Amino acid sequence: MFQSVCTVALAGAELPLGSILNLDKQLLIQMAIQALNVLLLTGVLAFLLYKPVKQFMAQRRERIAAEIEAAQKDRAEALELKEQYERMIADIETEREEILHAAYKKAMERSDQMLFAARREAENIYNRTLAELETEKENMADEMKRQMIEIATLMAERFVQLSIDRETQDRLIAEALAEWEES
Amino acid sequence: MDFSNRYHAVLFHLGDTPVYLTDTLIATWIVMGILILLAAAVRVRLHRFQDVPGAFQNLMEIAVETMENFTKTTMGPGNEAFAPYFFGVFAFILFSNYSGLFGLRQPTADLATTGALAIMTFVLIHFRGIRKKKWGYVKEYFSPHPIMFPINFVGEISKPISLAFRLFGNMLGGVIIMSLVYGMLPLALRVILPDILHAYFDIFAGSLQAFIFTILSMTFIAEKSAVE
Amino acid sequence: MDGRSFILGMSALAAGICTLSGLGSGLGQGIAAGKAAEAVARQPEARSSILSTMLIGQAVAETCSVYGLVIALILLMANPLV
């Protein structure tokens, strides 16, 4: 083919000048060549330019859509979490209040109880002491009475020894007893 | 004042017919090279594409997304597979039309290019129609009444012809007028004055014709494959 | 006057007449643009879809004038009669 190009180019004389509109066999051949050219160009453009760019754009669209969806989901999740935490914090607040209240109440109760018990114990001690004192007093009075009787008996014996009659002796004892009673 | 599609050499012989290397072929291969380089640049840089796009990436994304939405709104659901094909066709026609700005003869100002594009659309229309509708495809030619068959048939045939000649005629008209103007002007004036014509014929008409070729192809295909 | 010159001259004349096909399509495109302007004035929010519909319609209407151009070009450049 190259050789034929060269030979004809050199022997340019036999080459027609050109054509504008010749409806001949040459037109059909040129048409076929141009059809091949256009098909080739279309194929190359479609496979090198159109489809990759389209695919790229489709992928990007998909990715961005997915990202937006994920972001929305994350946001919804975060909102839910926030709400949950807020609720939990509110719960904790009330719980704290309750615990404090319960502890206060318990402490109050306990202190009341303790106070009551202490008071009762004090009362007991007081009562017991009073009773003890009473018995002590009684004991002492008895003792004193006995000693007095002993002393009186001794004195009486002495008086008797000093020969006093029985009547005087009795009267004296009675007087002494009365005196003692009075005191 | 030469606005013909010049022959530069003979590529090869098919039977006894020589196949010429034309202006159209050279311009086509330049446009293809630029577009393939662009595609390769995208492919190589794709792994460096980021979520926040830069200028180049942004441009590519806008192009792809616009084509995707455009296909969806024009052809309806179920025809998204055509988006890459029409992306390539639209890019090729647009860059071909703009190549006039750089002194090339637009490949679309040659019936071979537009005819090839139109025939590809024609094949897609009927291939898709037969695959989608099966028996209903044949019935459609006799649809209101069997008498209408010739009109329907000619209507189908005229679709690719009108597609091809619309693009070809618009671009060739631009080429002829531009070359006439260039032939008229002295060398010193060739810089400024034709700019306005370039802006109209290459940029405005070029974008519009690329758009119209694409949208008409889409409409034809979608219309033929729509199942009632 | 030989036949060939006659055919060439007549072809040039025919090419000129072919440009008359632009008349109808120009009229049609103008009407379409006017209606589109009315539609935009009535419904400014549907501007983009009106614009694209108008462009498609105009492109289809342009077909016949493009046919005229192509036939004129064939007559001038690739005359099948000579």
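Quick look at the structure, then.

The rules behind each value
Residues numbered from 1 in each chain as written. Chains lettered and ligands numbered in written order. Predicted model: local features only at pLDDT ≥ 70, side-chain atom pairs only at ≥ 80, totals over all residues. Heavy atoms only, no water. Phe/Tyr/Trp six-rings, centres within 6.5 Å; stacked < 30°, edge-to-face > 60°. Helix = DSSP H or I, 4+ residues; strand = E, 2+ residues; numbered from the N terminus. Core = buried A, V, L, I, M, F, W, Y, C linked by side-chain atoms within 4.5 Å. Buried < 20%, exposed > 50% of the residue type's maximum accessible area, 1.4 Å probe, protein only. Contact = heavy atoms within 4.5 Å. Expected span 1.5 Å × (residues − 1). Bend = angle between axes of the 7 residues up to and from the residue. Buried area = accessible area lost by both parts, 1.4 Å probe. Salt bridge = Lys/Arg side-chain N within 4 Å of Asp/Glu carboxyl O. Polar contact = N/O pair within 3.5 Å; in protein donor to acceptor, adjacent residues only side chain to side chain. Nonpolar A, V, L, I, M, F, W, Y, C, P; charged D, E, K, R; others polar. Pairing = 2+ DSSP bridges. Axes fitted to C-alpha atoms, helices over the stretch in contact; angles between N-to-C directions. Parallel < 35°, antiparallel > 145°, perpendicular 65-115°, else oblique. Patch = residues over 30% accessible without salt bridge, like charges linked within 9 Å, V, L, I, M, F, W, Y side chains within 5 Å. Areas by Shrake-Rupley, 256 points an atom, 1.4 Å probe, with all protein chains shown as cover. Lys, Arg positive; Asp, Glu negative; His and termini not counted. Charge placed at Lys NZ, Arg CZ, Asp CG, Glu CD.

## Details of the packing of aromatic side chains
Residue and element names in this part refer to chain B.
- All told, the structure shown has 13 aromatic pairs over all chains when counted by the stated rule.
- Measuring from ring centre to ring centre gives 4.2 Å for tyrosine 7 and tyrosine 20, while their planes differ by 15°; the resulting arrangement is stacked. With a gap of 13 residues between them, tyrosine 7 in strand E1 (residues 5-14) and tyrosine 20 in strand E2 (residues 17-22) connect regions that are remote in the sequence.
- One aromatic cluster in this structure is built from Tyr137, Tyr141, Phe142, Phe149 and Phe153.

## What about the environment of B:Lys72?
- If you trace the backbone, B:Lys72 turns up in helix H2 (residues 55-75).
- Each C-alpha atom of the pair B:Lys72 and B:Phe82 lies 9.6 Å from the other, and the pair is 10 residues apart in sequence.

## Concerning the nonpolar core
- With 72 residues, the main nonpolar core has A:Leu49, B:Phe86 and B:Leu117 as its most contacted residues.
- Mapped onto this core, the elements with two or more residues apiece are helix H2 (25-161) of chain A, helix H1 (23-45), H2, helix H3 (83-98), helix H4 (111-133), helix H6 (149-184) and helix H7 (194-225) of chain B together with helix H3 (47-77) of chain C.
- Looking at this core, the element that brings in the most residues is H2(A), giving 11 residues.
- Ignoring any residue separated from it by four or fewer positions in sequence, one finds B:Leu117 in contact with A:Val38, B:Val89, B:Phe92, B:Ile93, B:Leu167 and B:Phe213.

## Focus on H7(B)
- Given a rise of 1.5 Å per residue, 32 residues ought to cover 46 Å, and the 44 Å separating the end C-alpha atoms of H7(B) matches this to within 8%.
- Roughly 35° is the biggest bend found in H7(B), and it falls at B:Gly206.

## What to know about the interface of chain B and chain A
- Counting residues at the interface gives 60 residues for chain B and 42 residues for chain A.
- Across the chain B/chain A interface, buried area totals approximately 4600 Å², and carbon plus sulfur atoms make up 74% of it.
- Summed over the three residues of chain B that lose the most area to chain A, namely B:Tyr7, B:Asp51 and B:Val64, the buried surface amounts to 13% of that side.
- Taken together, the connections running from chain B to chain A amount to three salt bridges.
- Its salt-bridge partner being A:Arg61, residue B:Glu65 comes within 3.8 Å of it at the nearest N-O pair.
- At the boundary of chain B and chain A, one finds eight residue pairs in polar contact (both at pLDDT 80 or more).
- Mapped onto the side of chain B that touches chain A, the elements with two or more residues apiece are E1, E2, H1, H2, H3, H4 and H6 of chain B.
- In terms of residue count, the dominant contributor to the side of chain B that touches chain A is H1(B) (12 residues).
- Here the residues of the side of chain B that touches chain A are counted per class, giving 41 nonpolar, 12 polar and seven charged.
- Of the strand pairs in this sheet, strand E1 (residues 18-19) of chain A and E1(B) are connected by two bridges, and their pairing is antiparallel.

## Describing the sheet that holds E2(B)
- If you walk across this open sheet you meet the three strands as E1(A)-E1(B)-E2(B), and the pairing is antiparallel. Here the strands that pair on one side only, and so sit at the sheet edges, are E1 of chain A together with E2 of chain B.
- Pairing analysis gives six bridges linking E1(B) to E2(B), with the strands arranged antiparallel. Looking at E2(B), one finds that B:Val10 is bridged to B:Tyr20.
- Contacts from H1(B) reach E1 and E2 of chain B within the one sheet, and its direction differs from that of E2(B) by about 50°.

## Brief notes about the packing of H6(B) against H7(B)
All names here are of chain B.
- Where H6 contacts H7, the axes come no closer than 10 Å and their chain directions differ by 175°. As the angle between them shows, H6 and H7 are arranged roughly antiparallel.
- When its residues are assigned to classes, the contact of H6 with H7 shows 14 nonpolar, six polar and five charged.

## Points about H2(B)
- End to end, H2(B) covers 30 Å across 21 residues, agreeing with the expected 30 Å (1.5 Å per residue, within 8%).
- Taken as a whole, H2(B) has its buried residues at B:Gln57, B:Met60, B:Glu61, B:Val64, B:Met67, B:Glu68, B:Phe70, B:Thr71 and B:Met75.

## Notes on a nonpolar patch on the surface
All names here are of chain B.
- A grouping of Trp135, Val138, Phe142, Phe149, Phe153, Val154, Ile157 and Ile161 is seen on the molecular surface, where their side chains present a nonpolar patch of about 740 Å² in accessible area.
- Sorting the residues of the nonpolar patch by element identifies helix H5 (135-141) and H6 as the ones contributing at least two each.
- The leading source of residues in the nonpolar patch is H6, at five residues.
- By the secondary structure assignment, valine 138 is in helix H5.

## Quick notes on the environment of C:Ser49
Residue and element names in this part refer to chain C.
- Mapped onto the fold, serine 49 is located in helix H3.
- The exposure class of serine 49 is partly exposed, given its relative accessible area of 40%.
- There is a polar contact of 3.2 Å between the side chain of serine 49 and the backbone oxygen of alanine 46.

## A short note on the side chain of C:Ser25
- Looking at where C:Ser25 falls in the secondary structure, it is placed in helix H2 (residues 21-42).
- Discounting residues that sit within four places of it in the chain, C:Ser25 has contacts with C:Ala61, C:Glu62, C:Cys64 and C:Ser65.

## Thoughts on a negative patch on the surface
- Where like charges cluster on the molecular surface, the negative patch consists of A:Asp74, A:Glu77, A:Glu80, A:Glu83 and A:Glu86.
- Tracing the chain through its elements places A:Glu77 in helix H2.

## A short note on unusual backbone geometry
All names here are of chain B.
- The backbone of lysine 134 shows a phi angle near 55°, a positive value even though the residue is not glycine.
- Mapped onto the elements, lysine 134 comes out in the loop between H4 and H5.
- The exposure class assigned to lysine 134 is exposed, which follows from its relative accessible area of 59%.

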